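Spelled out from the first residue to the last, the chains are:
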Amino acid sequence: MASARAWASRLLGVAALMMAAATHAAEVSRDGLTLGPADSKQVLILHASNSVQVFKGVLEDFSQLNPGIRLEYTELSTQQLYQDTVDRKRVDPQARRGPDLIISSAMDLQTKLVNDGYAQVHVSPQTRALPAWANWRDEVFSIGTDPIVMVYNTDKLDATRVPHTRRELLSLLQAPDLPLAGSISTYDVQGSGIGYLAATQDTRLDSMAGALLAAFGRNGVTTHESTEDALDKLERGEVTLAYNLLESYTRHRIDQGARLAIIYPQDYTLMLSRSAILPKQAPRGDLGALLLDYLLSPRGQDMLARQSGMRPVNASVIAEAGVRPMALGVGLLVYLDALKKRHFLDLWRAAILPPGEESR
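Residues numbered from 1 in each chain as written. Predicted model: local features only at pLDDT ≥ 70, side-chain atom pairs only at ≥ 80, totals over all residues. Heavy atoms only, no water.

Asks: I tried to follow the overall build of the protein on my own but got confused; where do I start?
Replies: Broken down by element type, the protein carries 13 helices and 12 strands. Split into buried and exposed, the 360 residues of the protein put 52% on the buried side. For the protein, the share of sequence-separated contacts (at least 6 apart) that also reach a separation of at least 24 residues comes to 77%. Carbon together with sulfur atoms contributes 53% to the accessible area of the protein, which is approximately 16200 Å² in total. (Helix = DSSP H or I, 4+ residues; strand = E, 2+ residues; numbered from the N terminus. Buried < 20%, exposed > 50% of the residue type's maximum accessible area, 1.4 Å probe, protein only. Contact = heavy atoms within 4.5 Å. Areas by Shrake-Rupley, 256 points an atom, 1.4 Å probe, with all protein chains shown as cover.)

Asks: How should I be thinking about helix H13 (residues 338-352) in this particular structure?
Replies: An α-helix turns once every 3.6 residues. As a result, residues three or four positions apart point the same way. The terminal C-alpha atoms of H13, which comprises 15 residues, lie 21 Å apart, in line with the 21 Å expected from a rise of 1.5 Å per residue. Of all the positions in H13, only Phe344, Leu345, Trp348 and Ile352 are classed as buried. Down the axis of H13, the buried side of the element spans an arc of 100°, and every buried residue falls inside it. Across from the buried face of H13, at angles greater than 90 degrees, the exposed residues are Leu339, His343 and Ala350. In this structure, the buried residues of H13 make contact with strand S8 (184-187), helix H7 (193-205), helix H8 (209-218) and strand S9 (222-224). (Expected span 1.5 Å × (residues − 1). Arc of directions from axis to C-beta.)

Asks: Explain the packing of aromatic side chains here, please?
Replies: Centre-to-centre distance and the angle between the planes together describe a pair of aromatic rings. Following the criterion strictly, the structure yields five aromatic pairs and no others. Arranged with centres 5.5 Å apart and planes meeting at 55°, the rings of phenylalanine 62 and tyrosine 294 form a pair that is tilted. Of this pair, phenylalanine 62 sits in helix H2 (residues 52-65) while tyrosine 294 sits in helix H11 (residues 285-296), and the two are 232 residues apart along the sequence. Each member of the pair, phenylalanine 62 as well as tyrosine 294, is classed as buried. Taken together, Tyr196, Tyr335 and Phe344 form an aromatic cluster joined through their ring pairs. The cationic tip of arginine 137 hangs over the ring face of tryptophan 136; the distance from NZ or CZ to the ring centre is 4.7 Å. Directly above the ring of tyrosine 268 sits arginine 166, whose terminal nitrogen or CZ lies 3.6 Å from the centroid. (Phe/Tyr/Trp six-rings, centres within 6.5 Å; stacked < 30°, edge-to-face > 60°. Lys NZ or Arg CZ within 6 Å of the ring centre and 35° of its normal.)

Asks: Looking at this model, I keep getting lost on unusual backbone geometry. Mind explaining?
Replies: Excluding glycine, a negative phi dihedral is what most residues carry, and trans is how most peptide bonds are arranged. Not every positive phi belongs to a glycine, and aspartate 138 is a case in point at roughly 60°. Taking the relative accessible area as the measure of exposure, aspartate 138 reaches 14% and is therefore buried. Backbone geometry places asparagine 244, a non-glycine residue, at a positive phi of 65°. Following the sequence through the fold, asparagine 244 ends up in strand S10 (residues 241-246). Accessibility expressed as a relative area gives 4% for asparagine 244, which makes it buried.

Asks: How do you make sense of the pattern of salt bridges when you look at a structure like this?
Replies: Two side chains carrying opposite charge are able to pair once their charged atoms lie near each other. Tallied over the entire structure, the rule returns 20 salt bridges. Among the ionic pairs, arginine 259 bridges to aspartate 155, the shortest N-O distance being 2.8 Å. One end of the pair, arginine 259, is in the loop between helix H10 (247-255) and strand S11 (260-263); the other, aspartate 155, is in the loop between strand S7 (140-153) and helix H6 (166-173), and 104 residues separate them in sequence. A relative accessible area of 52% means that aspartate 155 is categorised as exposed. (Salt bridge = Lys/Arg side-chain N within 4 Å of Asp/Glu carboxyl O.)

Asks: What is the right way to read the environment of glycine 237 from this model?
Replies: Relative to the elements of secondary structure, glycine 237 occurs in the loop between helix H9 (227-236) and S10. Given the relative accessible area of 24%, glycine 237 is considered partly exposed. In sequence terms glycine 237 and asparagine 153 are 84 residues apart; their C-alpha atoms lie 7.2 Å from each other. In this structure, glycine 237 is in contact with Asn153 and Lys156, ignoring residues within four places of it in sequence.

Asks: Help me understand the nonpolar core in this model?
Replies: Side chains that are nonpolar tend, in soluble globular proteins, to be buried together. Judged by nonpolar contacts, the single largest core of 70 residues is most densely connected at Leu169, Leu173, Ile184, Phe216, Leu234 and Leu241. With six residues, the single largest contributor to this core is S7. Non-local contacts of isoleucine 184, meaning those with residues more than four positions away in its chain, are made with Leu169, Leu173, Phe216, Val221, Thr222, Val239 and Leu241. One finds Leu44, Ala48, Val52 and Ala289 within the second-largest nonpolar core, a separate group that totals 33 residues. (Core = buried A, V, L, I, M, F, W, Y, C linked by side-chain atoms within 4.5 Å.)

Asks: It is not clear to me how the pairing of S11 should be interpreted in this structure. Could you clarify?
Replies: Regular strands place their side chains on alternate faces of the sheet. Going residue by residue along S11, you find Leu260 and Ile262 tucked away on one face and Ala261 and Ile263 tucked away on the opposite face as well. Sheet topology note: the S7/S11 ladder contains four bridges and is antiparallel. In the strand pairing of S11, valine 151 is matched with isoleucine 262. (Pairing = 2+ DSSP bridges.)

What follows is the structure in structure tokens.
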């Protein structure tokens, strides 16, 4: 009898564990992830531009530390993250709705949201420990950095011809045999926040940026909407080289066996931040702050580095390589001025696109 009772007790224990696992199971879709108990009254909504697959391990770790919280993550483009925040306030400025935390690789758009009054202040030991460039007004914070790199398909470009600077890339685009004709890709800056940021920073830092854009146009450059889109084209052999991609996503593909290689431009390498804000309309800003502080904690920074490939904030300055992260702040708003933006996009379209075309 005792043995039967023990067996029944074990069965009940297994059933309880199975039920608990079911309520905490991850629900993954192409553009979203849900973690934690379905019946939880503590619901944390996260909207971010981070790839679900790349960010999944980090969020699972947070969920294990906070098993009572239901975390609902949606992956959105940087432009949509910005526009949705603006639209929510326009429709109903008093409503508590939308995400509790927003993370975007378009640090200029995040800075603009702060400048225009869409974010709330958050001060904690974790935010206070950030270097000055990674915290602006206690409202927008770098959670990690990502170098902007060139990437090429190693089966399609001989190692002896790989460009290591933008001047060398320009020379390759102008070579008599046109090795990159119809086989180079860059961001469509009209629809990509990160693409626009990278391209405007190029214009600010490089006197040859205009000549490089013109050479892209003459070589029939194609445009990509995201780093993932460009990496797909590179892996399929549709393009040989892609300009201005995120290192972290590229490293993830290479680790999975993709025959790709990364070029860190020796003239300068841009280092952008994945930046986070707590929107003023957040229904559970306290939970958003909890996740933010986890991401900035030593454990969170380690998880971000290992799982998503981002560089920890405190390891983002690489002085010997001339790599320094772009600082959060008003300097990022220059090319978001409506007149400057229209002028830049007009010049970009004239260089990149044939007359009458909006994308290629």
